[in-house]
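Close look at the chain arrangement
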Amino acid sequence: TPTDPGLPPGMRFGAVAPNTEDALIVPDGYRQQVVIRWGDPVLPGAPEFDFENQTPQAQAQQFGFNNDFAGLIPVDGAPDRFYLVCNQEYTTEAMMFRDYREKKPTERQARVAMAAHGITVLEVQAGTGDGSLTPVIGRRNRRLTAASPFRMTGPAAGSDLVRTSADPDGRILLGTIANCSGGITPWGTMLSGEENFHNYFMNARAVAGSPAAERLARYGFGDDADYHRWGLYESRFDLAREPNEANRFGYIVEVDPHDPESVPLKHSALGRLKHESANIYVVPDGVDAGTVVAYTGDDERFEYIYKFVSSRKMRDGLSPQARRHNQRILAEGTLYVASFASAEPPTVTGATGSGRWHKLLTVDADGSATSHIAGMTPAEVAVFTRLAADRAGATKMDRPEDIEANPFTGKVYCALTNNDARGIDGNPGTDGVNPRTENKNGQILEITDAHAGTDFRWDLLLVCGDPAAADTYYGGYDKTRVSPISCPDNVAFDPHGNLWISTDGNALGSNDGLFAVALDGPRRGQTRQFLTVPRGAETCGPIITDRRVVVCVQHPGESDDATVDRPLSHWPDGGRSQPRPAVVAVWRNDNGPVGM
Ligand code: FEO
Ligand code: CA
Ligand code: CA
Ligand code: CA
């Protein structure tokens, strides 16, 4: 138990020290439970996981690979029951199959991988005397994979850009892939960001000549990027045979877990980019009260931050009618991209400045669409959003990951995870919001936004890295009293208004973890590490509630070093087992409030 009486509520736990254990380490006085692992049954009748005998049919009924975002949505009329909604972002075939040959999957392996992608809706029973979450294998559960149908909304729906031989109308798209982070809407649905979709398409070289080749290049397509090689077995993943299929990924997806029969949505009005996530803020008062703002980042080096401001207003309540109305909100509105005025000279301490949102696309409440980019149609802006944003004068950022508004203050927090190419090899140099060359540790940006408007102020809350180094900044707080943090990825808020940050790729030599950060008062910028994940894993999907913390442990045992041919981890099953990505719940031994 920490003895520091000045710690803010929610941060009163014994900080976990940096370590390289092959275990998930929580503070003294807390316990943990694996809720569900890769391969565990999700649908009724699903077989138990059998690592040595995997089939696409089994995987499509089981929990997928590399869980990223997680959310808990209450089940109507069932106290202590929740839908655990969870992304399964990507597959690492070498970790999944004993006999995998690099970039040469067998058809069985490729189809298992397709089924291991997507989204899981899993009903869970919350423990009453503890923080546990127990899967309920019943009719409410759902697996969405690379083959599940989605309905497209917004200006791209029905356009020439998304028509294929299997879907000549360009409205029903098959599958969701590369689902990184996400968000929960106030109307009880899940949002999920399709991120690195360029890793799934072969034969980009075959699409020669402008503008198609230019468009593919702007999104990073190429034979080096296609490490899954699904196009060997399914023609839609071969750009030479189905050039528009790639235009059908890279969107924000919306899933209504309350209706297991509902067709989930892909919202093209939020643009096509490598969406980390989307998070909703509803304007609470004034003339814009009820207007919905969705923030989203494009996670790649030198990409942009976007927001969408709805044309419709949210309807209150969780009735089926309200939910139907609200699921049209992300189809109609204005998409903007951000530029940041630079502090001169760039500094890591107390940097602050102003910024502007630039219009890219508007869809009115009557459905009519307008492009704000000369020479591009509304559908083109929706599908080739990066090219539109290039022309709008947006600021090139250090990999925008999760971005989310604090529900208590409305201030928006964005994790800029790192950018090792900043300022070298002819790339853009530093500016106020991106103040370091070869940025290995990332920073946390705080935006004070006129949510429905076009102007904002910004601040750097954290410039991450070794607290002893001169080029780091912890909100002005005493750097000898913080937990070192590196490579922020996901952000969330606890019931006290503290920011929580999970990390991916800790460049300080220790395992990744989950941190609480004070935002206000004398402790602003103080970080405290709540948990660390096993070797090779990133921490993601954090949910922080009164009595429970939930995290996703993604890619345990994975190494960036190609010469390492054995997994770095045997978590969670131990012994000599293959590591398995999993969702973990953490609570206090006495079931008391977290961090109090
Ligand atoms: Fe999938 Fe941006 O991390
Ligand atoms: Ca991420
Ligand atoms: Ca988040
Ligand atoms: Ca990441």
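As the structure is a computational prediction, the values presented were derived from the model and not from experiment.

Criteria and cut-off values
- Here the residue numbers are simple positions, counted from 1 along each chain's written sequence.
- The order in which chains are written sets their letters, starting at A; the order in which ligands are written sets their numbers, starting at 1.
- In keeping with the predicted nature of the model, local features appear solely for residues at pLDDT of at least 70, side-chain atom pairs appear and are counted solely at 80 or more, and the whole-chain, interface and lining totals rest on all residues.
- A run of H or I in DSSP counts as a helix once it spans at least four residues, and a run of E counts as a strand once it spans at least two, with each numbered from the N terminus.
- The reference for a compact globule is 2.2 Å times residues^0.38; the radius of gyration itself is calculated from the C-alpha atoms.
- For every residue, the other C-beta atoms within 10 Å of its own C-beta are counted; 20 or more classify it as buried, 12 or fewer as exposed, and values in between as partly exposed. C-beta atoms are placed from the backbone.
- Residue pairs are scored as contacts if the distance between their C-beta atoms, which are placed from the backbone, is within 7 Å.
- Between any two strands, pairing holds if DSSP finds at least two bridges.
- For helices, the fitted line uses only the C-alpha atoms of the stretch in contact; every axis is such a line through C-alpha atoms, and the angle between N-to-C directions lies from 0 to 180 degrees.
- Annotation comment: domain bounds sourced from an automatic or database domain assignment.
- Classes in brief: Ala, Val, Leu, Ile, Met, Phe, Trp, Tyr, Cys and Pro nonpolar; Asp, Glu, Lys and Arg charged; the others, Gly included, polar.

On to the overall build of the protein chain. Helix and strand content of the protein chain: seven helices and 32 strands. For 596 residues, the compact-globule formula gives about 25 Å, and the C-alpha radius of gyration of the protein chain, at 22 Å, lands near that figure. Taken over the C-alpha atoms alone, the protein chain extends approximately 65 × 60 × 55 Å along its principal axes. Buried positions account for 55% of the 596 residues belonging to the protein chain. Within the protein chain, contacts between residues at least 6 apart in sequence are counted, and of these 62% link residues at least 24 apart.

In this section: the sheet that holds strand β8 (residues 172–174). Picture the strands of a sheet paired through backbone hydrogen bonds; they go either parallel or antiparallel. Across the sheet, which stays open at both edges, the six strands sit in the order β8-β7-β12-β11-β10-β9 with mixed pairing between neighbours. Each edge of the sheet is formed by a strand with only one pairing partner; in this case those strands are β8 and β9 (179–184). The average undirected angle you get between the axes of adjacent strands in this sheet is 35°. Sheet analysis places strand β11 (residues 252–255) next to strand β12 (residues 265–267), joined by three bridges and oriented antiparallel. Residue pairing across strands places Ile252 opposite His267, the latter belonging to β12.

Looking at where Phe13 falls in the secondary structure, it is placed in the segment before β1 (30–37). Looking at Phe13, the number of C-beta atoms within 10 Å reads 24, which means it is buried.

Here we come to the sheet that holds strand β26 (residues 488–493). In space, the four strands of this open sheet follow the order β26-β27-β28-β29, with antiparallel pairing throughout. Here the strands that pair on one side only, and so sit at the sheet edges, are β26 and β29 (527–532). Recorded for the sheet is a direction-independent mean angle of 25° between the axes of neighbouring strands. As defined by bridge partners, strand β27 (residues 499–503) adjoins strand β28 (residues 513–517) across four bridges and the pair is classed as antiparallel. Bridged to Ile501 within β28 is Phe515.

A word on the domain arrangement of the protein chain. Each domain of the protein chain was delimited in the assignment, giving domain 1 (1–31 + 483–596) and domain 2 (39–147). Placing a centre on the C-alpha atoms of domain 1 and another on those of domain 2 gives a separation of 22 Å. If you look at the interface, domain 1 gives 21 residues, while domain 2 gives 18 residues. Elements supplying a minimum of two residues to the side of domain 1 that touches domain 2: β30 (538–544), β31 (549–554) and β32 (582–588). Looking at which element gives the most residues to the side of domain 1 that touches domain 2, the answer is β32, with four residues. When its residues are assigned to classes, the side of domain 1 that touches domain 2 shows 11 nonpolar, six polar and four charged.

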